[in-house]
Amino acid sequence: DTAVSQTPKYLVTQMGNDKSIKCEQNLGHDTMYWYKQDSKKFLKIMFSYNNKELIINETVPNRFSPKSPDKAHLNLHINSLELGDSAVYFCASSQGTGGYNEQFFGPGTRLTVL
Amino acid sequence: RKEVEQDPGPFNVPEGATVAFNCTYSNSASQSFFWYRQDCRKEPKLLMSVYSSGNEDGRFTAQLNRASQYISLLIRDSKLSDSATYLCVVNVNAGKSTFGDGTTLTVKP
């Protein structure tokens, strides 16, 4: 009965490859997010979707392309991976976009680019 | 200047101590405020929301000072299990949360 799940949990790949991370939430939330947490543990928002529509895009390189097939899923595809993409990527969801809503995070995907 | 700033610590305190963290934010239009907790190699989880009137949850007390644009978290009677990174979160626009860089707390026996 995991609330927010992500796959894979670990991803090790070579520079230049293309990879995807999947996220699903079973909380019935309208809003989903992708965050990146780098090696210094700084957590930065990348994207936010509400009811499958993109509402936040925080100056992320266009090698990163989120896709929301329905409001319970938000996937992240990364093209031409670079060393600097190594980080933990967290998916999260909340009920609505109102700033007063708690965000629920997935367990994270630890991406290592060699 | 960062939108949200926290003292990174680390704070090393003995069990039973009282410890306080502060967080400042730069945007006076900020609407809502939270403290999240993140354990090592785990995801962040909501600890508590922060209300203008201040709020308490057991050993944890959160305060908001809009005039000075800071929020605080006070932990009384620290337990070993309180060891974690505490993240201050500020929301300005709908759908966007800005996380502070976190304050690391280690409670020692």
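Keep in mind it's a predicted model, so treat the numbers as computed, not measured.

**Q** How would you summarise the overall build of chain A if you had to cite specific residues and measurements?
**A** Each helix and strand counted, chain A has zero helices and 11 strands in total. Of the regular secondary structure in chain A, the N- to C-terminal order runs β-β-β-β-β-β-β-β-β-β-β. Over its C-alpha trace chain A gives a radius of gyration of 13 Å, about what one expects of a compact globule, namely 13 Å for 114 residues. For chain A, the spread of C-alpha atoms along the principal axes amounts to about 35 × 30 × 30 Å. When contacts within chain A are restricted to residue pairs at least 6 apart in sequence, those whose partners lie at least 24 apart make up 55%. For chain A, the computed accessible surface area is about 5600 Å², with 50% contributed by carbon and sulfur atoms.

**Q** I'd love a proper account of the interface of chain A and chain B, names of residues and values included.
**A** At the interface, 24 residues of chain A touch 17 residues of chain B. For the pair chain A and chain B, the summed buried area comes to about 1800 Å², and 52% of that belongs to carbon and sulfur atoms. At the junction of chain A and chain B, the tally comes to one salt bridge. Between D101(B) and K44(A) there is a salt bridge whose closest N-O contact spans 3.7 Å. One can count three residue pairs in polar contact (both at pLDDT 80 or more) joining chain A with chain B. Put simply, the parts of the chain that give the side of chain A that touches chain B at least two residues each are β4 (31–37), β5 (43–50) and β6 (53–57) of chain A. Looking at the side of chain A that touches chain B element by element, the count peaks at four residues for β5(A). The residue makeup of the side of chain A that touches chain B, split by class, is 12 nonpolar, seven polar and five charged.

**Q** Account for the nonpolar core, naming residues and giving values.
**A** All names here are of chain B. Counting 23 residues, the largest nonpolar core has F21, W35, I71, L73, I75, Y86 and L105 as its most contacted members. Of all the elements in the fold, those that place two or more residues in this core are β3 (19–25), β4 (32–38), β5 (44–50), β7 (60–65), β8 (70–75), β9 (84–91) and β11 (103–108). Look past the residues within four positions of I71 in its chain and what remains in contact with it is F21, N22, C23, Y25, F33, F34, W35, V50, Q63, L64 and C88.

**Q** Just give me the short version of the sheet that holds strand β6 (residues 55–57) of chain B, but keep the residues and values in it.
**A** All names here are of chain B. Strand order in this open sheet of five strands is β1-β3-β8-β7-β6, and the pairing throughout is antiparallel. At either end of the open sheet lies a strand with only one pairing partner, and these are β1 (4–6) and β6. Sheet twist, expressed as the mean angle between neighbouring strand axes with direction ignored, is 15 degrees.

**Q** Give me the lowdown on the sheet that holds strand β3 (residues 19–25) of chain A, citing residues and values where you can.
**A** Sheet strands associate in pairs through backbone hydrogen bonding, adopting either a parallel or an antiparallel arrangement. All names here are of chain A. Taken together, four strands build an open sheet; the order of strands is β1-β3-β8-β7 and the sheet is antiparallel. The sheet is open, and its two borders are formed by β1 (4–7) and β7 (64–70), each paired with just one other strand. Each strand of the sheet is rotated relative to its neighbour by a mean of 20 degrees, with strand direction disregarded. Pairing analysis gives four bridges linking β3 to strand β8 (residues 73–78), with the strands arranged antiparallel. Looking across to β8, one finds that S20 is bridged to H77.

**Q** Go over the state of the cysteines, please, and point to the residues and values.
**A** Residues and elements named next belong to chain B. Summed over all chains, the structure comprises two disulfides over all chains. Here C23 engages in a disulfide with C88; their sulfurs sit 1.9 Å apart. Disulfide C23 to C88: torsion about the S-S bond roughly -70 degrees, handedness left-handed. With C23 in strand β3 and C88 in strand β9, this residue pair connects regions lying 65 residues apart in the sequence.

**Q** Can you explain the packing of aromatic side chains? Please cite residues and give values.
**A** The way to describe two aromatic rings as a pair is by their centre distance and the angle between their planes. Counted by the stated rule, this structure contains 12 aromatic pairs over all chains. An aromatic cluster of three or more residues is present, and its members are Y33(A), Y35(A), F90(A), F105(A), F34(B), Y36(B) and F99(B). The ring of F42(A) is capped by K2(B), whose NZ or CZ atom sits 5.0 Å from the centre of that ring.

Parameters and conventions
Residues numbered from 1 in each chain as written. Chains lettered and ligands numbered in written order. Predicted model: local features only at pLDDT ≥ 70, side-chain atom pairs only at ≥ 80, totals over all residues. Heavy atoms only, no water. Helix = DSSP H or I, 4+ residues; strand = E, 2+ residues; numbered from the N terminus. Rg over C-alpha atoms; globule rule 2.2 N^0.38 Å. Contact = heavy atoms within 4.5 Å. Areas by Shrake-Rupley, 256 points an atom, 1.4 Å probe, with all protein chains shown as cover. Buried area = accessible area lost by both parts, 1.4 Å probe. Salt bridge = Lys/Arg side-chain N within 4 Å of Asp/Glu carboxyl O. Polar contact = N/O pair within 3.5 Å; in protein donor to acceptor, adjacent residues only side chain to side chain. Nonpolar A, V, L, I, M, F, W, Y, C, P; charged D, E, K, R; others polar. Core = buried A, V, L, I, M, F, W, Y, C linked by side-chain atoms within 4.5 Å. Buried < 20%, exposed > 50% of the residue type's maximum accessible area, 1.4 Å probe, protein only. Pairing = 2+ DSSP bridges. Axes fitted to C-alpha atoms, helices over the stretch in contact; angles between N-to-C directions. Disulfide = S-S within 2.5 Å. Phe/Tyr/Trp six-rings, centres within 6.5 Å; stacked < 30°, edge-to-face > 60°. Lys NZ or Arg CZ within 6 Å of the ring centre and 35° of its normal.

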